[in-house]
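Analysis of the macromolecular model
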Amino acid sequence: MARTKSSSRWLQEHVNDPYVKQAQKDGYRSRSSYKLLELNEKDRLIRPGMLIVDLGAAPGGWSWVLLEKRARVIAVDPAMLRPDLYERRGLRHVKESAFTFEPEETVDWLFCDMAWRPLEAAALLAKWARRHWARMLVANLKLPMKRKAEMAIRLREVLADGGWTRIRMRQLYHDRDEITVVAARG
Ligand SMILES: C[S@@+](CC[C@H](N)C(=O)[O-])C[C@H]1O[C@@H](n2cnc3c(N)ncnc32)[C@H](O)[C@@H]1O
(Lines give C-alpha, C1' and ligand atoms only; values in the text may rest on other atoms or scores of the structure.)
Protein backbone atom coordinates (compact mmCIF):
# COMPACT_ATOMS: atom_id res chain seq x y z
CA MET A 1 0.00 0.00 0.00
CA ALA A 2 1.33 3.47 -0.89
CA ARG A 3 2.34 5.63 2.05
CA THR A 4 0.50 8.93 2.52
CA LYS A 5 2.46 12.15 3.04
CA SER A 6 1.53 12.29 6.73
CA SER A 7 2.39 8.62 7.41
CA SER A 8 5.77 9.10 5.68
CA ARG A 9 6.36 12.19 7.84
CA TRP A 10 5.39 10.27 11.02
CA LEU A 11 7.70 7.40 10.04
CA GLN A 12 10.54 9.83 9.39
CA GLU A 13 10.05 11.60 12.75
CA HIS A 14 9.68 8.26 14.53
CA VAL A 15 12.89 6.88 13.01
CA ASN A 16 14.76 10.09 13.89
CA ASP A 17 13.31 10.38 17.40
CA PRO A 18 16.33 10.14 19.78
CA TYR A 19 14.26 8.19 22.35
CA VAL A 20 13.20 5.64 19.76
CA LYS A 21 16.91 5.23 18.91
CA GLN A 22 17.82 5.00 22.60
CA ALA A 23 15.01 2.48 23.21
CA GLN A 24 16.36 0.27 20.43
CA LYS A 25 19.87 0.57 21.87
CA ASP A 26 18.72 -0.25 25.42
CA GLY A 27 16.63 -3.21 24.20
CA TYR A 28 13.32 -1.68 25.29
CA ARG A 29 10.29 -2.31 23.13
CA SER A 30 9.31 1.30 22.43
CA ARG A 31 9.68 4.96 23.32
CA SER A 32 6.71 4.48 25.71
CA SER A 33 8.95 2.35 27.96
CA TYR A 34 10.70 5.50 29.16
CA LYS A 35 7.46 6.98 30.53
CA LEU A 36 6.96 3.93 32.68
CA LEU A 37 10.59 3.72 33.75
CA GLU A 38 10.45 7.41 34.73
CA LEU A 39 7.28 6.90 36.75
CA ASN A 40 8.48 3.75 38.45
CA GLU A 41 11.83 5.30 39.32
CA LYS A 42 10.05 7.94 41.41
CA ASP A 43 7.22 5.87 42.86
CA ARG A 44 8.42 2.24 42.92
CA LEU A 45 4.98 1.08 41.86
CA ILE A 46 5.66 -2.45 40.70
CA ARG A 47 6.61 -5.42 42.85
CA PRO A 48 7.32 -9.03 41.85
CA GLY A 49 4.23 -11.21 41.51
CA MET A 50 1.76 -8.33 41.08
CA LEU A 51 -1.03 -9.00 38.59
CA ILE A 52 -1.30 -6.20 36.03
CA VAL A 53 -3.64 -5.57 33.12
CA ASP A 54 -2.05 -3.47 30.35
CA LEU A 55 -4.76 -1.97 28.11
CA GLY A 56 -3.52 -0.87 24.68
CA ALA A 57 -0.36 -2.90 25.21
CA ALA A 58 1.05 -3.24 21.67
CA PRO A 59 3.82 -3.26 20.62
CA GLY A 60 4.65 -4.11 24.22
CA GLY A 61 7.03 -1.52 25.71
CA TRP A 62 5.16 -1.22 28.99
CA SER A 63 4.47 -4.96 29.23
CA TRP A 64 8.17 -5.59 28.71
CA VAL A 65 9.12 -3.24 31.57
CA LEU A 66 6.47 -4.82 33.84
CA LEU A 67 7.76 -8.32 33.08
CA GLU A 68 11.31 -7.15 33.82
CA LYS A 69 9.97 -6.15 37.28
CA ARG A 70 8.67 -9.74 37.55
CA ALA A 71 4.99 -8.80 37.45
CA ARG A 72 2.40 -11.03 35.77
CA VAL A 73 0.91 -9.22 32.79
CA ILE A 74 -2.34 -9.52 30.86
CA ALA A 75 -1.71 -7.46 27.72
CA VAL A 76 -4.96 -6.41 26.04
CA ASP A 77 -4.72 -5.13 22.48
CA PRO A 78 -6.25 -6.21 19.15
CA ALA A 79 -2.80 -5.62 17.62
CA MET A 80 0.09 -8.09 17.85
CA LEU A 81 2.90 -7.60 20.34
CA ARG A 82 6.59 -7.78 19.45
CA PRO A 83 7.35 -11.45 18.69
CA ASP A 84 9.97 -11.83 21.43
CA LEU A 85 7.39 -10.90 24.09
CA TYR A 86 5.47 -14.12 23.43
CA GLU A 87 8.48 -16.07 24.71
CA ARG A 88 8.34 -14.32 28.09
CA ARG A 89 6.97 -16.15 31.13
CA GLY A 90 4.21 -14.30 32.95
CA LEU A 91 2.63 -12.75 29.85
CA ARG A 92 -0.84 -13.42 28.46
CA HIS A 93 -1.97 -11.57 25.34
CA VAL A 94 -5.72 -11.04 25.00
CA LYS A 95 -6.29 -9.98 21.40
CA GLU A 96 -9.44 -8.04 22.11
CA SER A 97 -10.71 -4.48 22.48
CA ALA A 98 -10.24 -2.96 25.93
CA PHE A 99 -13.92 -2.00 25.76
CA THR A 100 -15.09 -5.63 25.77
CA PHE A 101 -12.38 -7.18 27.98
CA GLU A 102 -13.37 -8.15 31.55
CA PRO A 103 -10.84 -9.53 34.07
CA GLU A 104 -11.51 -12.85 35.83
CA GLU A 105 -10.31 -11.47 39.18
CA THR A 106 -9.40 -8.14 40.77
CA VAL A 107 -5.92 -7.13 39.62
CA ASP A 108 -3.30 -5.08 41.47
CA TRP A 109 -2.77 -2.52 38.74
CA LEU A 110 -4.60 -1.35 35.69
CA PHE A 111 -2.20 0.20 33.20
CA CYS A 112 -3.65 1.98 30.19
CA ASP A 113 -1.83 3.56 27.25
CA MET A 114 -4.58 3.09 24.73
CA ALA A 115 -4.72 5.40 21.72
CA TRP A 116 -8.27 6.58 22.24
CA ARG A 117 -10.38 9.69 22.85
CA PRO A 118 -9.56 10.77 26.42
CA LEU A 119 -13.10 11.12 27.79
CA GLU A 120 -14.09 7.66 26.53
CA ALA A 121 -10.87 6.16 27.89
CA ALA A 122 -11.51 7.84 31.27
CA ALA A 123 -15.09 6.48 31.30
CA LEU A 124 -13.69 2.98 30.75
CA LEU A 125 -11.17 3.44 33.59
CA ALA A 126 -14.01 4.72 35.82
CA LYS A 127 -15.90 1.49 35.09
CA TRP A 128 -12.87 -0.51 36.29
CA ALA A 129 -13.01 1.30 39.66
CA ARG A 130 -16.81 1.03 39.94
CA ARG A 131 -16.65 -2.73 39.37
CA HIS A 132 -13.66 -3.17 41.72
CA TRP A 133 -11.63 -4.76 38.92
CA ALA A 134 -8.33 -3.07 39.87
CA ARG A 135 -6.84 -1.62 43.02
CA MET A 136 -4.55 0.96 41.43
CA LEU A 137 -4.27 2.80 38.16
CA VAL A 138 -1.63 4.18 35.84
CA ALA A 139 -3.01 5.74 32.67
CA ASN A 140 -1.58 7.79 29.89
CA LEU A 141 -4.38 9.93 28.47
CA LYS A 142 -3.97 11.65 25.12
CA LEU A 143 -4.56 15.42 25.03
CA PRO A 144 -4.24 16.49 21.39
CA MET A 145 -6.67 19.42 21.90
CA LYS A 146 -5.82 23.07 22.61
CA ARG A 147 -7.65 23.41 25.96
CA LYS A 148 -5.61 20.78 27.78
CA ALA A 149 -6.09 22.13 31.32
CA GLU A 150 -9.88 22.11 31.01
CA MET A 151 -9.84 18.59 29.62
CA ALA A 152 -7.57 17.45 32.48
CA ILE A 153 -10.09 18.80 35.03
CA ARG A 154 -12.94 16.99 33.26
CA LEU A 155 -10.95 13.74 33.14
CA ARG A 156 -10.23 13.98 36.86
CA GLU A 157 -13.98 14.35 37.53
CA VAL A 158 -14.84 11.29 35.43
CA LEU A 159 -12.20 9.18 37.23
CA ALA A 160 -13.32 10.41 40.68
CA ASP A 161 -16.99 9.68 39.81
CA GLY A 162 -16.00 6.08 39.15
CA GLY A 163 -14.35 5.78 42.57
CA TRP A 164 -10.66 6.46 41.86
CA THR A 165 -9.08 8.41 44.73
CA ARG A 166 -5.67 9.98 45.40
CA ILE A 167 -5.65 10.99 41.73
CA ARG A 168 -2.35 12.53 40.66
CA MET A 169 -1.93 13.92 37.18
CA ARG A 170 1.38 14.95 35.76
CA GLN A 171 3.18 15.56 32.56
CA LEU A 172 6.23 13.33 32.48
CA TYR A 173 9.40 14.34 30.70
CA HIS A 174 8.64 11.79 27.97
CA ASP A 175 4.99 12.80 27.62
CA ARG A 176 4.10 14.85 24.57
CA ASP A 177 0.42 15.74 24.07
CA GLU A 178 -0.62 13.54 26.95
CA ILE A 179 -0.93 13.35 30.71
CA THR A 180 -0.06 10.52 33.08
CA VAL A 181 -2.51 9.67 35.85
CA VAL A 182 -1.81 7.59 38.95
CA ALA A 183 -4.69 6.73 41.29
CA ALA A 184 -5.93 4.22 43.84
CA ARG A 185 -9.37 2.84 44.64
CA GLY A 186 -11.05 3.49 47.99
C1 LIG B 1 0.59 4.21 22.16
S2 LIG B 1 0.25 2.56 21.71
C3 LIG B 1 0.63 1.72 23.20
C4 LIG B 1 2.12 1.57 23.43
C5 LIG B 1 2.44 0.60 24.53
N6 LIG B 1 2.09 1.13 25.85
C7 LIG B 1 3.90 0.26 24.55
O8 LIG B 1 4.58 0.59 25.52
O9 LIG B 1 4.37 -0.37 23.59
C10 LIG B 1 -1.49 2.55 21.70
C11 LIG B 1 -2.14 1.18 21.51
O12 LIG B 1 -3.54 1.31 21.76
C13 LIG B 1 -4.14 0.25 21.06
N14 LIG B 1 -5.58 0.39 21.00
C15 LIG B 1 -6.32 1.28 20.27
N16 LIG B 1 -7.62 1.04 20.48
C17 LIG B 1 -7.71 0.00 21.36
C18 LIG B 1 -8.80 -0.69 21.96
N19 LIG B 1 -10.08 -0.39 21.72
N20 LIG B 1 -8.51 -1.70 22.82
C21 LIG B 1 -7.22 -2.04 23.10
N22 LIG B 1 -6.17 -1.40 22.55
C23 LIG B 1 -6.42 -0.42 21.70
C24 LIG B 1 -3.45 0.30 19.69
O25 LIG B 1 -3.59 -0.96 19.04
C26 LIG B 1 -2.01 0.61 20.10
O27 LIG B 1 -1.27 -0.58 20.13
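My aim in this report is to walk through the structure given alongside it, one point at a time.

1. With respect to the site of the ligand
Close to the ligand lie 20 residues, the nearest being Gly61, Trp62, Asp77, Ala98 and Asp113. Taking Ala58, its main chain carries an N or O atom lying 2.9 Å from an oxygen atom of the ligand. The backbone of Gly60 places a nitrogen or oxygen atom 3.0 Å from an oxygen atom of the ligand. Protein chains bury 82% of the 610 Å² of accessible surface belonging to the ligand in isolation. In terms of residue class, the shell around the ligand is made up of 12 nonpolar, 6 polar and 2 charged.

2. Details of unusual backbone geometry
Cis rather than trans, the peptide bond between Ala58 and Pro59 has omega equal to 0 degrees. Within the fold, Pro59 resides in the loop between strand E1 (51-55) and helix H4 (61-68). Even without glycine at this site, Arg166 takes up a positive phi of about 45 degrees. In this structure Arg166 comes out as exposed when scored by relative accessible area, which is 63%.

3. Concerning the packing of aromatic side chains
A full pass over the atoms with the stated rule returns 5 aromatic pairs. Ring centres of Phe101 and Trp128 lie 6.2 Å apart, and the angle between their planes is 20 degrees; on these two criteria the pair is classed as stacked. Linking Phe101 in the loop between strand E3 (91-94) and strand E4 (107-112) with Trp128 in helix H5 (residues 118-130), this pair joins segments that are 27 residues apart in sequence. Exposure remark for Phe101: the relative accessible area of 5% places this residue in the buried category. Owing to a relative accessible area of 0%, Trp128 belongs among the buried residues under this scheme. With a centroid separation of 5.2 Å and an interplanar angle of 85 degrees, the aromatic rings of Trp128 and Trp133 are classed as edge-to-face. Of the two residues, Trp128 and Trp133, neither departs from the other in class, the shared state being buried.

4. A short note on the sheet that holds E4
The 7 strands lie next to each other as E3-E2-E1-E4-E5-E7-E6, forming an open sheet whose pairing is mixed. Each of the sheet's edge strands pairs with one partner strand only, and the pair in question is E3 and strand E6 (164-170). Strand-to-strand twist of the sheet, defined as the mean angle between neighbouring strand axes without regard to direction, takes the value 15 degrees. Packed onto the sheet, H4 meets E1, strand E2 (72-76), E3, E4 and strand E5 (134-142) and runs at close to 170 degrees relative to E2. In the packing of H5 onto the sheet, contacts are made with E1, E4, E5, E6 and strand E7 (178-185), and the angle to E5 comes to roughly 180 degrees.

5. Focus on helix H6 (residues 148-162)
Owing to its 3.6 residues per turn, the α-helix aligns residues three or four sequence positions apart on the same side. The end-to-end C-alpha separation of H6 is 21 Å, in line with the 21 Å expected for 15 residues at 1.5 Å each. Among the residues of H6, Met151, Ala152, Leu155, Val158, Leu159 and Gly162 are the ones counted as buried. Projected down its long axis, H6 carries its buried residues within an arc of 125 degrees, all on one side. Opposite the buried face of H6, by more than 90 degrees, sit the exposed residues Ala149, Ile153 and Asp161. The inward-facing, buried residues of H6 contact H5, E5, E6 and E7. Looking at the residues trailing H6, positive phi occurs at Gly163, about 120 degrees.

6. As for the layout of surface pockets
One number sums up the size of the second largest pocket: a volume of about 170 Å³. Only E6 and E7 provide two or more residues apiece to the lining of the second largest pocket. Top element by residues in the lining of the second largest pocket is E7. It accounts for 3 residues. In terms of residue class, the lining of the second largest pocket is built from 7 nonpolar, no polar and 4 charged.

Parameters and conventions
Residues numbered from 1 in each chain as written. Predicted model: local features only at pLDDT ≥ 70, side-chain atom pairs only at ≥ 80, totals over all residues. Heavy atoms only, no water. Near = heavy atom within 4 Å. Polar contact = N/O pair within 3.5 Å; in protein donor to acceptor, adjacent residues only side chain to side chain. Areas by Shrake-Rupley, 256 points an atom, 1.4 Å probe, with all protein chains shown as cover. Nonpolar A, V, L, I, M, F, W, Y, C, P; charged D, E, K, R; others polar. Helix = DSSP H or I, 4+ residues; strand = E, 2+ residues; numbered from the N terminus. Buried < 20%, exposed > 50% of the residue type's maximum accessible area, 1.4 Å probe, protein only. Phe/Tyr/Trp six-rings, centres within 6.5 Å; stacked < 30°, edge-to-face > 60°. Pairing = 2+ DSSP bridges. Axes fitted to C-alpha atoms, helices over the stretch in contact; angles between N-to-C directions. Contact = heavy atoms within 4.5 Å. Expected span 1.5 Å × (residues − 1). Arc of directions from axis to C-beta. 1 Å grid on protein atoms, 1.4 Å probe; cavity = no way out; pocket = protein on both sides within 12 Å on 5 of 7 lines; lining within 4 Å. Points joined across faces, edges and corners; volume = space filled by probe spheres on them.

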